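Commentary on secondary and tertiary structure
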Amino acid sequence: MSVDPRAALDRFIAALEAHYLAVTKRHGSDDPAVDDAYYVLADAFEVYDDALNETYGEAIPIELTDDDDDDLDDDEDDDDLDDGDEDDDDLDDDEDDE
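This text gives an overview of the structure that appears in the document.

What counts and what doesn't
Starting from 1, residues in each chain are numbered consecutively following that chain's sequence as written. In view of the model being predicted, local features appear only for residues whose pLDDT reaches at least 70, and side-chain atom pairs are presented and counted only at 80 or more, with totals across whole chains, interfaces and linings using the full set of residues. Working from all heavy atoms in the structure, the side-chain values ignore hydrogens and water. Each salt bridge in this description consists of a side-chain nitrogen of Lys or Arg and a carboxyl oxygen of Asp or Glu lying within 4 Å of one another. Secondary structure counts use DSSP, requiring at least four H or I residues in a row for a helix and at least two E residues in a row for a strand, with both numbered from the N terminus. Categorising residues by exposure relies on relative accessible area from a 1.4 Å probe, with only protein chains included: less than 20% of the type maximum marks a residue as buried, more than 50% marks it as exposed, and the intermediate range marks it as partly exposed. Two residues qualify as a contact provided that any one of their heavy atoms is within 4.5 Å of a heavy atom in the partner residue.

Turning our attention to the pattern of salt bridges. Enumeration over the complete set of coordinates arrives at 2 salt bridges. Residue Arg6 is joined to Asp10 by a salt bridge in which the shortest nitrogen-to-oxygen separation is 2.8 Å. You can see Arg6 and its partner Asp10 sitting in helix α1 (residues 5-24), 4 residues apart, about one turn around the helix. According to the relative accessible area criterion, Asp10 is partly exposed, its value standing at 37%.

Have a look at this one:
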């Protein structure tokens, strides 16, 4: 059974608002209300994206990632920072121009 994209969008917007409210009223770093709102938001996003795709063949330009994937991406980004030799060469060229 197909979900109406407009109803899914309304649910997604409500989930965004609920998540924002939970974050602004957070009670400590491990507030379960924020965690709950996060999961409701993620679910509403997926339902909306699926409904949009099924009905119109379109997707939104946002992709959810797992927390584990973020850890891997952070490690890869750190590796990229280690290759800073090229930036040093650019600075040397600028000094030569003066």
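Having put the structure on the table, let's press on.
Quick look at the side chain of Asp31 now. Here Asp31 shows up in the loop between α1 and α2 (32-56). Each residue touching Asp31, except ones within four places of it in the same chain, is listed here: Lys25 and Arg26.

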